[in-house]
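An overview of the molecular structure
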2 protein chains.
Amino acid sequence: MKFELTILGSSSATPIYNRNPTAQLLNINEKHYLIDCGEATQMQLLRLRIKASKIDQIFISHLHGDHYFGLIGLISSYHLNGRNKELTIYGPQGLREILDIQLKYSQTQLRYELKVVEINPKVSEQIFENEDIVVRTIILNHRIPCTGFLFEQKLRKRRIIKEKIQDMDLSPADKMRLKSGEDVEYQGQVLKNQDYTLDPIEPKKYAYCSDTLYDTSYFELIREADVLYHEATFTHDYLERAVETYHTTAQQAGEIASLCKVKKLIIGHFSARYLDLTKHLNEARTQFPNTFLAIDGESYVI
Amino acid sequence: MKFELTILGSSSATPIYNRNPTAQLLNINEKHYLIDCGEATQMQLLRLRIKASKIDQIFISHLHGDHYFGLIGLISSYHLNGRNKELTIYGPQGLREILDIQLKYSQTQLRYELKVVEINPKVSEQIFENEDIVVRTIILNHRIPCTGFLFEQKLRKRRIIKEKIQDMDLSPADKMRLKSGEDVEYQGQVLKNQDYTLDPIEPKKYAYCSDTLYDTSYFELIREADVLYHEATFTHDYLERAVETYHTTAQQAGEIASLCKVKKLIIGHFSARYLDLTKHLNEARTQFPNTFLAIDGESYVI
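Residues numbered from 1 in each chain as written. Chains lettered and ligands numbered in written order. Predicted model: local features only at pLDDT ≥ 70, side-chain atom pairs only at ≥ 80, totals over all residues. Heavy atoms only, no water.

1. Details of the interface of chain B and chain A
Contact residues are listed per partner, giving 35 residues for chain B and 35 residues for chain A. Of the roughly 2800 Å² buried between chain B and chain A, counting both surfaces, carbon and sulfur atoms make up 64%. Of all residues in chain B, the largest losses of buried area upon contact with chain A belong to Glu 39, Phe 69 and Tyr 105 of chain B, amounting jointly to 24% of the total for that side. Counting across the interface, chain B meets chain A through 0 salt bridges. The tally of links between chain B and chain A comes to 8 residue pairs in polar contact (both at pLDDT 80 or more). Elements with a contribution of two residues or more to the side of chain B that touches chain A: helix H1 (41-47), helix H2 (71-80) and helix H3 (95-105) of chain B. (Contact = heavy atoms within 4.5 Å. Buried area = accessible area lost by both parts, 1.4 Å probe. Salt bridge = Lys/Arg side-chain N within 4 Å of Asp/Glu carboxyl O. Polar contact = N/O pair within 3.5 Å; in protein donor to acceptor, adjacent residues only side chain to side chain. Helix = DSSP H or I, 4+ residues; strand = E, 2+ residues; numbered from the N terminus.)

2. What to know about the sheet that holds strand E18 (residues 299-301) of chain A
Residue and element names in this part refer to chain A. Strands sit in the order E6-E5-E4-E3-E2-E1-E18 across an open sheet of 7 strands; the sheet is mixed. Single-partner strands in this sheet number two, and they are strand E6 (114-118) and E18. If you compare each strand with its neighbour and ignore which way they point, the axes differ by 20 degrees on average. Across 3 bridges, the pairing between strand E4 (residues 55-59) and strand E5 (residues 87-91) is parallel. The residue bridging Ile 58 from the neighbouring strand is Ile 89, located in E5. Contacting strand E3 (31-37), E4, E5 and E6, helix H2 (residues 71-80) crosses the sheet at an angle of about 170 degrees to E5. (Pairing = 2+ DSSP bridges. Axes fitted to C-alpha atoms, helices over the stretch in contact; angles between N-to-C directions.)

3. Description of the pairing of strand E9 (residues 147-153) of chain B
The two faces of the sheet receive side chains in turn, since in a regular strand these alternate between them. Residue and element names in this part refer to chain B. Counting buried positions over the 7 residues of E9 gives 7, a clear majority of the element. Because side chains alternate across E9, one face comprises the buried residues Thr 147, Phe 149, Phe 151 and Gln 153, and the other comprises Gly 148, Leu 150 and Glu 152, equally buried. Where strand E8 (residues 133-139) and E9 come together, 7 bridges link them in antiparallel fashion. Of the residues in E9, the one forming a bridge with Val 134 is Glu 152. (Buried < 20%, exposed > 50% of the residue type's maximum accessible area, 1.4 Å probe, protein only.)

4. Here's the deal with the packing of helix H3 (residues 95-105) of chain A against H3 of chain B
Axis separation between H3 of chain A and H3 of chain B bottoms out at 10 Å; the angle between their running directions is 170 degrees. Overall, the two elements H3 of chain A and H3 of chain B adopt an arrangement that is roughly antiparallel. Two secondary-structure elements touch here, H3 of chain A through Glu 97, Ile 98, Ile 101, Gln 102, Lys 104 and Tyr 105 of chain A and H3 of chain B through Glu 97, Ile 98, Ile 101, Gln 102, Lys 104 and Tyr 105 of chain B. Taken together, the residues that form the contact of H3 of chain A with H3 of chain B break down as 6 nonpolar, 2 polar and 4 charged. (Parallel < 35°, antiparallel > 145°, perpendicular 65-115°, else oblique. Nonpolar A, V, L, I, M, F, W, Y, C, P; charged D, E, K, R; others polar.)

The structure is reproduced here in structure tokens:
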């Protein structure tokens, strides 16, 4: 099952050096989820030839513009391009009001249903579930209410060992039973489940943390994530500035990855003061070697 | 005196084929004026290495998103980049409310003064004046209140014929008198103004018309403009669609340019249905040969 992250924007605050403000696309089993939607996210999707129409859920972490100013444009383009399927946006209190007032003044009656689900900024909650995944909020510590998102795959079915059944004529129903962990009767004999199947593939976890002060309160939730995206707005020499603005340094992001025993760290949300990001990368890697930079347009397998 | 137009976006409705939604920059005597501000206008300015900070006045024609969704991002970036000089936006009723609600939820207290001047959508009025120009609204006919803008240079001073005074030792005050049209006494003789000066350079006019139904009511105002930018969303085979959506065809734009005896026509605001714009150009040129396409990133001397 595909589980792939594409970075649409890696900049904090203002766009610069070909880095767009924050937005990410998750492709999980060919379903597309958008996380944050900075200005010009729809242009990034166009540029990368990703069909925006495939997105049915959007998750907005907070109402600083670099995380959502592209949303109204995307919503409008859906309307103008004839979308008719429902779109659900999970976001902070206030988002609905912001979108509605812009639709009101343009006298736009959307052709599709737009649901905006208000996130509770105080308590981590499950906010979305389908056959593939569950999404939970991560309570972050920022200047305004802000949540990250934890995308967890569901436990899948057991895997039949094909070689062992290739000469049998098992019915689809029997195969389904095996996948579900049951034993199966076949030509008078019992096929013991543990002899014919393997454990399901371990479900994967992707944790998205932006923007936040270094704060241990959310560490438990992101523990052992396969991939942790964590903001690393500043290098550690700007720790004071990071604290002042409720942001994290690259060194701290590395520390968090290490403490939480994640498998891979991607850092992003880089301040406009940095043209070169080598220092961010090196700094995080001193704490957690398996660190990578979020680069606009790049994809990462989870 | 410089009078130059740079196209930052030439697309209607949705961004496509590297065409951004509508935005234009006017450089008049090294003062920068922004006309409309579709999504990602600040990225276009970055890409073209135009300092956004030079802009002190922004003119917004109407509240369809393709003409203003980039405004809140630009305003925020100004704040984050430490702007402290006043910014004035001329735009429709509702714009202030839209901006304020977004600033409210991001808890942003702008570091500079943001003035939003509400445009009367019913009556053409002078809305701006400085030492170089006067700006007047053009009442257009669109689905929602919409005004174009007429930028008129002021009449400049007379031009001294340098060759005639090069051997004289005229004081700066006397030169100023000549430029102002007065005669001047020099070593007992009277220098007749008409012998020593030429008429001022003819003031230039730039008319911006987007978006609108073909409507003769605004023709008088744009008459004899040096450059007319007119929307030409559709080719003439889509006339019905143009009328339905309150837009103009390329042929009509050409007709308007011809009827209004402008010197040069630039057409833009192209529908996403057109990849190739040759037909637009040819169609407008059958009516008005001196027509050019608005191309993102291109500049046009007025």
